[in-house]
Structures are given as C-alpha cells and as structure tokens.
Amino acid sequence: MNGSRIAAVGHYQPAKVLTNEDLAGLVDTSDEWIRSRVGIRTRHIAGPDEPVDELAAHAAAKALAAAGLAPSDIDLVLVATSTAVDRSPNMAARVAARLGIPSPAAMDVNVVCAGFTHALATADHAVRAGAATRALVIGADKMSDVTDWSDRTTCVLVGDGAGAAVVEASDDPGIGPVLWGSVPEMGHAVRIEGTPARFAQEGQSVYRWATTRLPPIARKACERAGLAPEDLAAVVLHQANLRIIEPLAVKIGAVNAVVARDVTDSGNTSAASIPLALSKLVERGEISTGDPVLLFGFGGNLSYAGQVVRCP
C-alpha cells in the first residue's frame, strides 16, 4: 500500500438544542444580533452526564458501522480534543474501551480547532509508514464545559459534538499531503485557560488572520494534491463563524464547490466541526464518492492544517 483513504465517516450531536432565543434569556443578545455577526441559529449542548469520550464514541461507532468494520479491525485511535477534563486515561483510550477496541495505539491530539486535520494527517502518515493499518480519527469537543455563559461575545458561538473518520491503507491514495503550521507568537488570540478553564478569543485578530493569511495557504494545500481550487467538489473549513467561512471560501477560489455551512445549525464545535460538517454533507448526498474535498482547520495556537481528501 502506498497511501491511505477515508473509508467512512460518522457524526453525533447531543439531543439538547439551544436557540438564539434561549440565549437571549441568559445574556443581553438577540437572534438578529447573533445571526448578523456570526451566522449561527442553533447549537447542540451536552448534559453533565455526557462527557467528551461519550460524544466521540457515538460518532466513531457510526463511522465503523458505515465502513462495515468491527472494533477489532482498528489498531490506532486518535482523538482531537481540547476539552478533556482529565489528563489520564486520555480520551482515545476511553473511546477504545467504550467501543471494545482490543489493543490500539491511543493518543489525543490537542490543536484546538485545527485538531481534526492534524489528527487525520497523523493517521495518514502512520498508515503510510506501516505503523497502522486502520485508524479511527475523531474530533470531539464539549465547548459548553469551558464557556462563560455570562459573556455574550463567546457563549453565542459554541456548541458540542463529535465527528469521526475511518482511515485505512489504500493502493489509490485518498488523503493528500498536509500543509500545516502555526503562528505561536499569536497563540494568545484564542485561549482555553485558567481555573476553571474558560474559552476566550480576540475576535478581530482571528478574523483578520483567517481572511487574509489563510487563503494562499489553503490554495497551496490544493496544489500539493495536484488540484486547482476550481476542481474541488466541496470545501469544509473549520466552522468558526459564517463571516469567516464565506469570505475565506471565496478567496480560496473554489468557485464550483459546495461550501459547508454547518456552523449555522451547530455553532463552533472546535475539533469536531470539520468531521461533523463533512459527515453531514455525505449523509445528505451533497457530495459523492471520490469527489475531491478540501478540509482546512484553523484556530487555537493560531494553528492551521489542510489537505484534500476523496469523499468516502
């Protein structure tokens, strides 16, 4: 095998839906204010008895079922998350235990909103190197745990959820070369820190960085895959804010692509946002098997990672 591919995807969101009208009862905001600034209408919020690893395991189980695989077929579990409460056991080990995966390598990847695309690249590299044959790559975050619900600048943004992909060896590579990096000196622009940990960001700095610095990087990720942006069938960016997603997609030049806008229904789910949005596009039939899709994560640490994948 000289590469890897995504065999299947799956996603999961908690049942509780929090609307803009609900938020207007908590803080000084309104449906119009939220929609005009970030484009979000609703978000899903996990309960106190729904930890991150439970969200992750639900999404992973769906991806396994879609791939027609058993837990014993997996030998690597990667969970991208920045909202794990405990340090050990890590989320990957807990997910493996929930699913009955017998003896996988199990690692968490904390690159916040770019976590899933970092983890996907890591799985691709492991499979290419022969260190793994099939991997579960999961993005899962419970942002409601790290949110100050009295701060209207952040509480209107967040949601909880998980998305997962099964990655396996393939003679016909379906995961393109990753382009990744960071701006560590600007890491303070997006933070989850303190005791208790709380999410905070410098919104204008993130907006300017995302809409001006990231388009050429995303185009270069397409070049590494041997494609022009206009060849893309879909673009799945980190679902941060509709006012970032739409201009960024335009500047990338993906004129023929479906642009994922799941942020409107799910809010910013951090590492979960890309696999969650991708899984929904697949589920709705908006993209077809083999279609080229740009995945591009960005955010905390001011990190970014992008690659073109073939739709499962």
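On a predicted model such as this, the values are computed, not experimentally measured, just so you know.

(A) Molecular detail of the sheet that holds strand S6 (residues 134–142). The 5 strands lie next to each other as S1-S7-S6-S4-S5, forming an open sheet whose pairing is mixed. Each edge of the open sheet carries a strand with a single partner, namely strand S1 (3–12) and strand S5 (105–109). On average, each strand axis in the sheet is inclined to that of its neighbour by 20 degrees, with strand direction left out of account. Those strands touched by helix H5 (residues 115–128) are S1, strand S4 (76–80), S5, S6 and strand S7 (160–170), and its axis lies near 165 degrees from that of S4. Relative to the sheet, helix H10 (residues 273–283) contacts S1, S6 and S7, its axis offset from that of S1 by approximately 90 degrees.

(B) Layout of the side chain of Asn90. Looking at the secondary structure, you find Asn90 in the loop between S4 and helix H4 (91–99). Separated by 3.3 Å, the side chain of Asn90 and the backbone nitrogen of Ala92 make a polar contact. A polar atom in the side chain of Asn90 sits 2.7 Å from the backbone nitrogen of Ala93. What Asn90 contacts, discounting residues up to four positions off in sequence, is Ala106, Met107 and Asp108.

(C) Quick peek at the pattern of salt bridges. Counted according to the given criterion, the structure contains 13 salt bridges. A salt bridge links Glu168 to Arg5; the nearest nitrogen and oxygen atoms lie 2.6 Å apart. Taken as a pair, Glu168 in strand S7 and Arg5 in strand S1 lie far apart in primary sequence, 163 residues in all. Classification of Glu168 as buried rests on a relative accessible area of 13%. Between Lys142 and Asp145 there is a salt bridge whose closest N-O contact spans 3.8 Å. Judged by its relative accessible area of 4%, Lys142 is buried. Of the residues examined, Asp145 reaches a relative accessible area of 37% and is grouped as partly exposed.

(D) Focus on the sheet that holds strand S13 (residues 292–299). The strand order S8-S14-S13-S11-S12 describes an open sheet built from 5 strands, whose pairing is mixed. The two strands at the open ends of the sheet, each matched to only one other strand, are strand S8 (179–182) and strand S12 (258–259). Across the sheet, H5 touches S8, S13 and strand S14 (303–310), and the angle it forms with S14 is around 55 degrees. Running at roughly 145 degrees to S13, helix H7 (residues 203–224) makes contact with S8, S13 and S14 of the sheet.

(E) Just the environment of Ala60, in detail. By the element assignment, Ala60 lies in helix H3 (residues 52–67). A C-alpha to C-alpha distance of 16 Å links Ala60 and Arg5, two positions 55 residues apart in sequence. Apart from residues lying up to four places away in sequence, Ala60 is in contact with Leu99, Leu136, Ile138 and Ala164.

(F) Structural view of H5. Under the 1.5 Å per step criterion, the end-to-end length of H5 is 20 Å for 14 residues, consistent within 8% with the ideal 20 Å. Burial of H5 is extensive: 11 of the 14 residues sit out of reach of the surface. Among the residues of H5, Gly115, Phe116, Thr117, His118, Ala119, Leu120, Ala121, Ala123, Asp124, Ala126 and Val127 are the ones counted as buried. Note on H5: the residue one or two positions beyond its end, Gly130, has a positive phi of about 85 degrees.

Calculation notes
Residues numbered from 1 in each chain as written. Predicted model: local features only at pLDDT ≥ 70, side-chain atom pairs only at ≥ 80, totals over all residues. Heavy atoms only, no water. Pairing = 2+ DSSP bridges. Helix = DSSP H or I, 4+ residues; strand = E, 2+ residues; numbered from the N terminus. Axes fitted to C-alpha atoms, helices over the stretch in contact; angles between N-to-C directions. Contact = heavy atoms within 4.5 Å. Polar contact = N/O pair within 3.5 Å; in protein donor to acceptor, adjacent residues only side chain to side chain. Salt bridge = Lys/Arg side-chain N within 4 Å of Asp/Glu carboxyl O. Buried < 20%, exposed > 50% of the residue type's maximum accessible area, 1.4 Å probe, protein only. Expected span 1.5 Å × (residues − 1).

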